[in-house]
Amino acid sequence: MSDGVVLVTGASGFVGSHIVANLLIRGRKVRAAVREPTNPARVSHLKSLPITDGGGLELVKMDLLDAASVHTAISGCSDVIHAAAALHVGKMNPQRDVVDPSIIGTQNICDGIDAAGTVERLVHTSSTAAIRPTHYEDGACYTSESWADAATLADNAYGLAKAGAERLVREWHASSQSGKRPRLVTIHPCVVFGPPMSKRHLSGSLSYVEALVKRTLPKSLPSHINVVDVRDVAEAHVRALTGGEDKGRYLVIGGNLWMKDIADILREAYPERKWPKGVLPYWVCLIIATFHPKLTLKWARNHLRKTCSFDATPAKQELNMSFRPLSESIIDSVPPMLDNDWV
């Protein structure tokens, strides 16, 4: 692998922080792009990461919607891992808060790579949300050939954003007339658990675990979840810099379980705490979703009581990935929350 500089966008986020940590422990030079590099709440956890000899960490200010800052961040880099994303759980402005950062931001990344002329490899963080249809049959299994083509702003803004951004980057990659576009791989995580490095990391996928720790509800939702460990997601990104196929599309999935199973695992690991027991009736969930700040009625109707899965075989075979047991990912999510009084 090149000794050049790796730009990581969204470096202060949950996945981005672990990608930075993975690269630094390998002795890579990392340019970590964040919105507020002087804000301790956003970067203190990055500054405390261990660095192997030969590695280095540079924090730079970047706003995905500001093309000039994106171009500056990319300039001189040999590798780009585009992990920045907007994941809002619950009620928000879907166009402004979800779709625009993904689409406009990814276009700015592509333009910045063209302007820099130094980038040899691009790893783009997509999602299983770009794979799974908005409305799916119970028990369905999806592969890297699937697309969330029916996603709309009203019904599935996150799927629309992730699928749209990935199509954009793939079309940009294929449109090269000179053959000088960088090697491209996309990584597709599902719900990501594992140790948070900052309180801010609880606002996305970890909100599932946070709700159980806080015992927000007396019983678990009848929600079936596809889970992967954040450390495995980071490993897949770093391996994808040189491994896998050019234009490869890799789903990274550790396994599947019900939310009640998560509560049971945590009850056994932390018996001194109270955990939700049993499962809420579906009709009660619909009422709760109507008023809950992090749930919506559409989400509840589309997802509760239904299962689906994803085929991670290509990631195992072509990236040589192996995934942590789900119990380890779930249990390791909790200590930082408790030790730092984040919940």
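Our subject is the structure that appears above.
Definitions and cut-offs
- Residues numbered from 1 in each chain as written.
- Predicted model: local features only at pLDDT ≥ 70, side-chain atom pairs only at ≥ 80, totals over all residues.
- Heavy atoms only, no water.
- Helix = DSSP H or I, 4+ residues; strand = E, 2+ residues; numbered from the N terminus.
- 1 Å grid on protein atoms, 1.4 Å probe; cavity = no way out; pocket = protein on both sides within 12 Å on 5 of 7 lines; lining within 4 Å.
- Points joined across faces, edges and corners; volume = space filled by probe spheres on them.
- Nonpolar A, V, L, I, M, F, W, Y, C, P; charged D, E, K, R; others polar.
- Salt bridge = Lys/Arg side-chain N within 4 Å of Asp/Glu carboxyl O.
- Buried < 20%, exposed > 50% of the residue type's maximum accessible area, 1.4 Å probe, protein only.
- Pairing = 2+ DSSP bridges.
- Axes fitted to C-alpha atoms, helices over the stretch in contact; angles between N-to-C directions.
- Contact = heavy atoms within 4.5 Å.
- Phe/Tyr/Trp six-rings, centres within 6.5 Å; stacked < 30°, edge-to-face > 60°.
- Lys NZ or Arg CZ within 6 Å of the ring centre and 35° of its normal.

Caption draft 1: Structural context of unusual backbone geometry. Even without being a glycine, Arg-215 presents a positive backbone phi close to 50 degrees. Here Arg-215 is to be found in the loop between helix 6 (207-213) and strand 9 (224-229).

Caption draft 2: Empty space enclosed by the protein, seen in detail. Considering all chains together, one arrives at one cavity of 30 Å³ or more under this definition. Of the volumes computed, that of the largest cavity is approximately 40 Å³. Around the largest cavity, the lining residues are His-82, Ala-84, Ala-85, Pro-101, Ser-102, Thr-106, His-124, Thr-125, Lys-162 and Ala-165. Of all the secondary-structure elements, those providing two or more residues to the lining of the largest cavity are helix 4 (94-116), strand 5 (121-125) and helix 5 (157-174). Considering every element that reaches the lining of the largest cavity, the biggest residue donor is helix 4, with three residues. Here the lining of the largest cavity is composed, by residue class, of four nonpolar, five polar and one charged.

Caption draft 3: Inspection of the pattern of salt bridges at higher detail. Scanning the model with the defined rule gives 21 salt bridges in all. As a salt-bridge pair, Arg-42 and Glu-36 come within 2.8 Å of each other at their nearest N and O atoms. Classification of Glu-36 as partly exposed rests on a relative accessible area of 35%. One salt bridge in this structure joins Asp-229 and Arg-231, with 2.8 Å as the shortest N-O distance. Several salt bridges share partner residues, and in doing so they unite Arg-28, Asp-79, Glu-120 and Arg-121 into one network.

Caption draft 4: Structural detail: the pairing of strand 5. Taking burial as the measure, the five residues of strand 5 include five buried ones, the bulk of the element. Burial along strand 5 is two-sided: the face carrying Arg-121, Val-123 and Thr-125 and the face carrying Leu-122 and His-124 are both buried. Of the pairings in the sheet, the one linking strand 4 (residues 79-82) to strand 5 comprises four bridges and is parallel in character. Bridging across to strand 5, Ile-81 finds its partner in Val-123. For strand 5 and strand 7 (residues 183-189), the ladder comprises five bridges, and the chain directions are parallel. When the sheet's bridge partners are listed, Val-123 is paired in strand 7 with Val-185.

Caption draft 5: Geometry of the sheet that holds strand 4. An order of 3-2-1-4-5-7-10 is seen for the seven strands of this open sheet, with the pairing classed as parallel. Whereas interior strands pair on both sides, the edge strands pair on one side only; in this sheet they are strand 3 (56-61) and strand 10 (248-252). Direction aside, neighbouring strands of the sheet carry axes that sit 20 degrees apart on average. Strands strand 1 (5-9), strand 4 and strand 5 of the sheet are contacted by helix 4, whose axis makes an angle of about 180 degrees with strand 4. Sheet contacts for helix 7 (residues 230-240): strand 4, strand 5, strand 7 and strand 10; angle to strand 7, the most-contacted strand, approximately 170 degrees.

Caption draft 6: Representation of the packing of aromatic side chains within the structure. Following the criterion strictly, the structure yields three aromatic pairs and no others. Relative to Phe-310, the ring of Tyr-142 lies with its centre 6.1 Å away and its plane at 40 degrees, an arrangement referred to as tilted. Residue Tyr-142 is located in strand 6 (residues 140-142), and its partner Phe-310 is located in strand 12 (residues 308-310); the two are separated by 168 residues in the primary sequence. Of the two residues, Tyr-142 and Phe-310, neither departs from the other in class, the shared state being buried. Positioned above the aromatic ring of Trp-147 is the side chain of Arg-249, whose terminal nitrogen or guanidinium carbon lies 3.6 Å from the ring centre. Between Arg-305 and the ring centre of Tyr-282, over which it is positioned, the NZ or CZ distance is 3.7 Å.

Caption draft 7: Here's a closer look at the sheet that holds strand 11 (residues 255-258). Read across the open sheet, the three strands follow the order 8-9-11; overall the sheet is mixed. Only two strands of the sheet have a single neighbouring strand rather than two, namely strand 8 (191-193) and strand 11. Averaged over neighbouring strand pairs, the angle between their axes works out to 45 degrees when direction is ignored. Here three bridges tie strand 8 to strand 9, and the two strands are oriented parallel to one another. Within strand 9, the position partnered with Phe-193 by the bridge is Asp-229. Sheet strands touched by helix 7: strand 8 and strand 9. Its angle to strand 9, the strand with the most contacts, is close to 60 degrees.

Caption draft 8: Here's a closer look at the pairing of strand 7. With respect to burial, strand 7 is a largely interior element, seven of its seven residues being buried. Residues Arg-183, Val-185, Ile-187 and Pro-189 line one face of strand 7 and the alternating positions Leu-184, Thr-186 and His-188 line the opposite face, and both faces are buried. Note: strand 7 against strand 10, five bridges, orientation parallel. What sits directly across from Val-185, in strand 10, is Gly-248.

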